[in-house]
Amino acid sequence: MKLNILTKLLLGSIVLVLLFSTLQFLTYEVTRDHVVLHIGIIQLQKAKTGAIQLENFFANLEATDKSLAQYYREHYASDTTIIADAAIHALGNSQYINKITFLTRSGKEVVKIDKLGKTTERDLSYEIPTKPFESALAGKSAISKVYYTEGTYTPHFDLFYPIFSNNASVIGVLKTQVNLENFWGVLSKVTEGEHDKQGLV
């Protein structure tokens, strides 16, 4: 049976449409797989960058606390003014630290400095024992849960750092209140958009 020219053209067009559709589908699948692969690579790179930024953030906080703990160890018995001056200097050089408190092993506040200055002796009180405080008493620094301060409603956490004597026993605890309001600057290269920031909190 012989096919006329119109039938041959129709069959040829159908074959071309099927080939074009198959090619388009395969191109779509390859492109989709390529995009998914690159999104995964980009997310992994951002996660690594974020981890490095966080490590640097906490390393800087720990270095500040280590330095302040050394001032306390060297001067707590003789002159708390030197300790207060060191804390004021640390506060002035950090956009994240809001308050620095030196505590005895029993939780009594020895020196407390905030953005307004040194707290008077009569306004000093005691730290309520918490797991992070007890961890610092055991010789290991710890972080409190994130909380919001009254009036400002900004997120904060407290870093409790042990203060060791020259013979390596814990003689006190350094409590540093860290303001997370500006914390997003640490992660600005990692995330974009409000949804990402909210997810991290």
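About the cut-offs
- Residues numbered from 1 in each chain as written.
- Predicted model: local features only at pLDDT ≥ 70, side-chain atom pairs only at ≥ 80, totals over all residues.
- Heavy atoms only, no water.
- Helix = DSSP H or I, 4+ residues; strand = E, 2+ residues; numbered from the N terminus.
- Expected span 1.5 Å × (residues − 1).
- Contact = heavy atoms within 4.5 Å.
- Core = buried A, V, L, I, M, F, W, Y, C linked by side-chain atoms within 4.5 Å.
- Buried < 20%, exposed > 50% of the residue type's maximum accessible area, 1.4 Å probe, protein only.
- Salt bridge = Lys/Arg side-chain N within 4 Å of Asp/Glu carboxyl O.

1. Side note on helix 2 (residues 80-92)
For helix 2, with 13 residues, the first-to-last C-alpha span of 18 Å sits near the 18 Å given by 1.5 Å per residue. On its buried face, helix 2 sits against helix 1 (5-75), strand 1 (97-104), strand 2 (109-114) and strand 3 (117-118).

2. Focus: the nonpolar core
Core analysis: the largest hydrophobic core is formed by 26 residues, its most contacted members being Leu68, Ile100 and Phe102. Among the secondary structure elements, those contributing two or more residues to this core are helix 1, helix 2, strand 1, strand 2, strand 6 (155-164) and strand 7 (170-179). With six residues, the single largest contributor to this core is helix 2. In contact with leucine 68, other than residues within four places in its own chain, are Ala86, Ala87, Ala90, Ile100, Phe102 and Leu174. Membership of the second largest hydrophobic core comes to seven residues, among which are Leu103, Ala136, Phe160 and Val170.

3. Some details on the pattern of salt bridges
Under the criterion given, the structure shown has five salt bridges. Between arginine 32 and aspartate 33 there is a salt bridge, and its shortest N-O distance comes to 3.6 Å. Lysine 112 is paired through a salt bridge with glutamate 109; the nearest N and O atoms lie 3.1 Å apart. Overlapping salt bridges bring together Glu29, Arg32 and Asp33 as one network.

All we've got here are geometric facts, nothing functional implied.
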